[in-house]
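# A structural walkthrough
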Amino acid sequence: MTAEPLILGIESSCDETGVGIVRGHTLLANEVASSVEEHVRFGGVVPEVASRAHLEAMVPALQRACETAQVDLGELDGIAVTAGPGLMGALVVGLASAKALASHLDKPLYGLNHLAGHVAVDLLEHGPLPTPCVALLVSGGHTSLLLVNDIATDIVQIGSTIDDAAGEAFDKVARVLGLPYPGGPVIDRAAQNGDPTAIRFPRGLTARHDLARHRFDFSFSGLKTAVARWVEQREADGDEVPVNDVAASFQEAVCDVLTAKAVDACQEYGVQHMLIGGGVAANSRLRTLLAERTAAIGVELRRPRPGLCTDNGAMMAALGAEVVRSGGRPSRLTIGADSGLPVSTILV
Ligand code: KG4
Ligand code: ZN
């Protein structure tokens with residue numbers, strides 16, 4: 001094997017079928033097929049629909065990735081794949097594909113943690129990750145604060161949501177406002193024309209008594225309900241709903257809590273570097289507010305470009321390359337998918 005491992009990464013934990021190829025920290029291909037359009041009419045991801053879409057999209061994505069990277073499968077040093085967390089039926093499709101490839105090509109298989117992949121992807125854009133680092137992962141499926149001591153071997157979850165994920169809250173509030181799914185980008189746009197101080201929505205788990213037990217945890221369910229109640233009241237009074245102001249005020253509440261807790265984590269753990277990932281990391285207000293608040297305490301912020309923040313195969317390939325570098329043992333071909341895989345288990 002050369003010093004820079006050539007790794008294929010497969011991702012299928014939710015509604016994106018991703019196949020990526022990297023050589024060490026160099027991105028060679030990142031093919032993503034999303035089934036989001038098929039979920040629109042249901043207002044959220046339907047697991048069965050996502051699984052079937054993965055089955056159809058996997059082989060074409062693999063072929064495109066090899067063509068783009070100009071790589072022959074026989075040259076690979078390993079196959080990395082998401083083993084969890086995620087939707088069980090969706091994960092199984094990626095794992096079965098990776099196992100078939102690994103077994104047919106006689107290459108090592110690396111069953112990896114999806115959340116760690118969201119952190120590792122930044123290496124492809126900004127080079128080696130300074131550690132320790134606090135990672136804020138915010139998507140439709142997860143909202144976590146991680147302390148990354150070593151990307152391949154040592155990640156500790158220091159907080160997570162106790163109910164809805166941040167992206168889920170965006171999606172649900174969009175529905176309340178009569179906006180389409182996925183709600184994040186639409187609320188982001190509507191908020192540009194709204195007043196973030198128009199309505200003071202609750203900031204979950206920030207009261208003194210909550211901080212004692214949940215300093216680094218999040219809760220968005222109360223916020224979502226508060227927005228729904230506010231809108232219902234307006235409608236009951238026969239008043240027009242100021243969609244842009246509600247969007248901006250809701251978004252401000254989410255971003256305020258996410259950034260405050262992420263910054264607090266850096267201070268508590270004496271960490272100089274922060275990284276964001278997940279679909280919600282594309283949010284314009286979150287990116288700006290986090291940049292302001294990290295700069296204020298002298299923390300360097302790493303923001304992968306939005307295309308790398310959302311689920312993709314390159315993130316798993318990037319993590320696979322780090323695991324290979326650090327001497328990680330290949331996974332058995334009998335490993336299963338684990339929908340609740342804890343982030344501390346980076347390699348299955
Ligand atoms: O990471 P992702 O593509 O898939 C997973 O859920 O794993 O994240 C999708 C989520 C959706 O909830 C979507 O509404 C949200 O990310 N999102 C955003 C923005 N773009 C996507 N949320 C807020 N602002 C955005 N600009
Ligand atoms: Zn994800």
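Everything below is about the structure printed above this text.
All of these numbers come straight from a predicted model, not from anything done at the bench.

## Topic: the sheet that holds strand E2 (residues 16-23)
With mixed pairing, five strands are arranged side by side in an open sheet as E3-E2-E1-E4-E5. Taken across any chain shown, the strands that pair with only one partner, and hence form the sheet edges, are strand E3 (26-34) and strand E5 (109-113). Strand-to-strand twist in this sheet, taken as the mean axis angle between neighbours without regard to direction, amounts to 20°. Direction of pairing for strand E1 (residues 6-11) relative to E2: antiparallel, over a ladder of six bridges. Paired with Ile-7 across the strands is Val-22, a residue of E2. Relative to the sheet, helix H3 (residues 88-105) contacts E1, strand E4 (78-84) and E5, its axis offset from that of E4 by approximately 155°. This element, helix H13 (residues 313-325), spans E1, E2, E3, E4 and E5 of the sheet and lies at about 135° to E1.

## Thoughts on the sheet that holds strand E7 (residues 143-150)
What the five strands build is an open sheet, ordered E8-E7-E6-E9-E10; its pairing is mixed. Of all the strands in the sheet, just strand E8 (154-160) and strand E10 (300-302) have a single pairing partner and so form its edges. Each adjacent strand pair in this sheet contributes to an overall mean axis angle of 25°, direction not counted. Across the face of the sheet, helix H10 (residues 243-269) comes into contact with strand E6 (133-138), E7, E8 and strand E9 (273-277) while running at roughly 160° to E6.

## Focus: the side chain of Glu-16
Following the sequence through the fold, Glu-16 ends up in strand E2. In this structure, Glu-16 is buried with no salt-bridge partner, the nearest side chain bearing the opposite charge being Arg-64 at 12 Å. A distance of 3.3 Å separates polar atoms of two side chains, one belonging to Glu-16 and the other to Ser-34.

## Some points on the nonpolar core
One finds Leu-136, Leu-145, Phe-250, Leu-258 and Met-274 to be the most contacted residues of the largest nonpolar core, which totals 48 residues. Put simply, the parts of the chain that give this core at least two residues each are E6, E7, helix H6 (166-176), helix H7 (183-192), helix H9 (221-236), H10, E9 and helix H11 (284-296). Examining the composition of this core, we find that 13 residues originate from one element, H10, more than from any other. The contact partners of Phe-250, leaving out residues within four places of it in the chain, are Ala-169, Phe-170, Val-173, Ile-187, Phe-201, Leu-223 and Val-227.

## Thoughts on the environment of Val-22
Here Val-22 shows up in strand E2. Of the residues examined, Val-22 reaches a relative accessible area of 0% and is grouped as buried. Sequence separation of Val-22 and Glu-75 is 53 residues, and the distance between their C-alpha atoms is 12 Å. When neighbours within four sequence positions are excluded, Val-22 is seen to be in contact with Pro-5, Leu-6, Ile-7, Leu-27, Leu-28, Leu-124, Ala-314, Ala-317, Ala-318 and Ala-321.

## Section: the coordination of the zinc ion (ligand 2)
His-114 (NE2), His-118 (NE2) and Asp-311 (OD) make up the full set of protein donors to the zinc ion (ligand 2), lying at 2.1 to 2.2 Å. Taken in chain order, the donor set of the zinc ion (ligand 2) reads H-x3-H-x192-D. One end of the pair, His-118, is in helix H4 (residues 114-120); the other, Asp-311, is in the loop between helix H12 (306-309) and H13, and 193 residues separate them in sequence.

## Quick word on the pattern of salt bridges
Tallied over the entire structure, the rule returns 16 salt bridges. Across the salt bridge formed by Asp-256 and Arg-203, the nearest N and O atoms sit 3.0 Å from each other. Taken as a pair, Asp-256 in helix H10 and Arg-203 in the loop between H7 and helix H8 (208-214) lie far apart in primary sequence, 53 residues in all. For the pair Asp-256 and Arg-203, one class covers both residues: buried. With a closest N to O distance of 3.2 Å, Glu-322 and Arg-325 form a salt bridge. Here Arg-325 and Glu-322 lie together in helix H13, a separation of three residues that amounts to about one turn. Given the relative accessible area of 12%, Glu-322 is considered buried. Since its relative accessible area comes to 40%, Arg-325 is described here as partly exposed. Among the ionic contacts, a cluster of salt bridges with common partners joins Asp-164, Glu-168, Lys-172 and Lys-224.

Conventions used here
Residues numbered from 1 in each chain as written. Chains lettered and ligands numbered in written order. Predicted model: local features only at pLDDT ≥ 70, side-chain atom pairs only at ≥ 80, totals over all residues. Heavy atoms only, no water. Pairing = 2+ DSSP bridges. Helix = DSSP H or I, 4+ residues; strand = E, 2+ residues; numbered from the N terminus. Axes fitted to C-alpha atoms, helices over the stretch in contact; angles between N-to-C directions. Contact = heavy atoms within 4.5 Å. Buried < 20%, exposed > 50% of the residue type's maximum accessible area, 1.4 Å probe, protein only. Lys, Arg positive; Asp, Glu negative; His and termini not counted. Salt bridge = Lys/Arg side-chain N within 4 Å of Asp/Glu carboxyl O. Polar contact = N/O pair within 3.5 Å; in protein donor to acceptor, adjacent residues only side chain to side chain. Core = buried A, V, L, I, M, F, W, Y, C linked by side-chain atoms within 4.5 Å. Donors = N, O, S within 2.8 Å, 3.2 Å for Na, K, Ca; no water.

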